[in-house]
Amino acid sequence: YDVSVSTYSPDGRVFQVEYAGKAVENSGTAIGIRVKDGVVLAVEKLIQSKLLVPGANRRIQNVDRHIGIATAGLLADGRHIVKRAREEAQSWRDVYRLPIDGKNIASRVGDYVAAYTLYSSVRPFGSSTIIAAMDTTGPKLYMVEPSGLYWGYHGTAIGKGRQVAKTEIEKLNLEEMTCREAVKHAARIIYNVHDDAKDKEFELELSWICEESKGFHQIVPKEIADEAEALAKAALNDDDDMDD
Amino acid sequence: MSGLKPGEVNLGTSIMAVEFAHGVIIGADSRTTTGSYIANRVTDKLTEVHDTIYCCRSGSAADTQAVADIVHYYLQMYSVQNGKPTVPLAASLFQELCYQNKDNLSAGIIVGGWDKENGGSVWNVPLGGSLHRQPFAIGGSGSTYIYGYCDATYRDGMNQEECIEFVKNSLALAMSRDGSSGGVIRMAIITEKGVERIFVPGDKLPVHWEG
């Protein structure tokens, strides 16, 4: 029952979609947190080779000016989804002359991903997508799974370290937090979940949409990102110290 | 642009919309002609596309009714999925249809309405399918005769009563000069509270200099 995506198992599961989820589970962690004045995305970008240019091959990409997407899983699939999201955002602008809002971009991405779970001639996308947006009704955060299922979240995590990350995120008081604080927490959480024993080096990718970025999705400015990363490294060392 | 086909019905028309503090006043004459025969002397050219968004139709009756119906459908879907649409959104839909089909349409439309974000707003979508937000807009064949009158009479910050008088007097002048406009004046006041219609019968029209 697990050979084709158009086949159900006797207990009502579509195995191909579940296997697609495995690709996500084994990938580098990505988290998103929505706070009072914006949304922050952070990714544990595992470095495959020392020859790669730092800062290239980003896992967080822009979709229109006010939307950012972070992917986990098969990165090629993730890029394809982002390409489609960009087209959907543009087509919304063409018809309505307005930027697309969070709910509708999530819906369009969700519908697109779900379509690939219906036919045996294609395979489901092996990536989950975290969508951060800022629209007229405030900051928004959505996550789309390979099945096409999506929900809106206050905080979400995907990839290897998602269990630990979710636990950490749940401890935070997101409703009152500002983006500045959120950036520090996001960096700390990514450093926290990274398993030095299992994985090689990683690069921390941080992005945000907030009032400070004037509602645009952008990479967190260097000074703020560096400060957050330094604090994150320091926090790791604190954890290592034994407490009586 | 094809213009009207033989036998096609024309909304000769004088239409107008004015924005004020709490909403908009829209108005139109009531004459529909096929050539020189008045096919309908009591036409309603003010068409609802949403609760507080209306359009004034001029040009081909068939074309403008078809376009308004399509926009009405899109706004129904939009409001079910996304909540109340705004007036600029409705105007953008009109623009998209009028521009992409400009070779086959003869439609001059003025969109007027109220929404929470913008208050009252007036959007003119003339023949080519461009989009213009204006404090007040005039359209139709009769409008050519009242450009001077409107420019001389309009002031910023008029209240509801003054806007109603402005629309009434302007349309009456257009109707008396333009052979393709006439009949009665239909107006609508669109505010947060909704739509209130006003009817001015043909024998109660304001009279300008008649010699």
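Keep in mind that this is a model prediction, so the values were computed, not measured. (Residues numbered from 1 in each chain as written. Chains lettered and ligands numbered in written order. Predicted model: local features only at pLDDT ≥ 70, side-chain atom pairs only at ≥ 80, totals over all residues. Heavy atoms only, no water.)

Visitor: If you had to explain the sheet that holds strand β1 (residues 30–35) of chain A to someone new, which residues and values would you point to?
Guide: Residue and element names in this part refer to chain A. With antiparallel pairing, the 5 strands of this open sheet are ordered in space as β8-β1-β2-β9-β10. Two strands close off the open sheet at either side, each with one partner strand: β8 (155–158) and β10 (218–219). Relative to the sheet, helix α4 (residues 162–171) contacts β1 and β8, its axis offset from that of β8 by approximately 165°. Here helix α5 (residues 179–193) sits on the sheet in contact with β1, β2 (38–46) and β9 (202–210), set at roughly 155° to β9. (Pairing = 2+ DSSP bridges. Helix = DSSP H or I, 4+ residues; strand = E, 2+ residues; numbered from the N terminus. Contact = heavy atoms within 4.5 Å. Axes fitted to C-alpha atoms, helices over the stretch in contact; angles between N-to-C directions.)

Visitor: Mind laying out the pattern of salt bridges, listing which residues take part and the relevant values?
Guide: Residues and elements named next belong to chain A. Counted by the stated rule, this structure contains 26 salt bridges over all chains. For the salt bridge of D195 with K198, the shortest nitrogen-to-oxygen distance reads 3.8 Å. According to the relative accessible area criterion, D195 is partly exposed, its value standing at 30%. Look at K198 and you get exposed, because its relative accessible area is 69%. One network of salt bridges, with partners in common, ties together K45, R58, E203 and E205. (Salt bridge = Lys/Arg side-chain N within 4 Å of Asp/Glu carboxyl O. Buried < 20%, exposed > 50% of the residue type's maximum accessible area, 1.4 Å probe, protein only.)

Visitor: Describe the sheet that holds strand β11 (residues 136–139) of chain B, listing the residues and the values that go with them.
Guide: All names here are of chain B. The 5 strands lie next to each other as β11-β2-β3-β12-β13, forming an open sheet whose pairing is antiparallel. The sheet is open, and its two edges are formed by β11 and β13 (194–200), each paired on a single side. For this sheet, the mean angle separating the axes of adjacent strands, direction not counted, is 15°. As paired strands, strand β12 (residues 185–191) and β13 are joined by 7 bridges and run antiparallel to one another. By the bridge assignment, A188 is partnered in β13 with R197. Helix α4 (residues 160–177) contacts β2 (15–20), β3 (23–28), β11, β12 and β13 of the sheet and is inclined by roughly 165° relative to β2.

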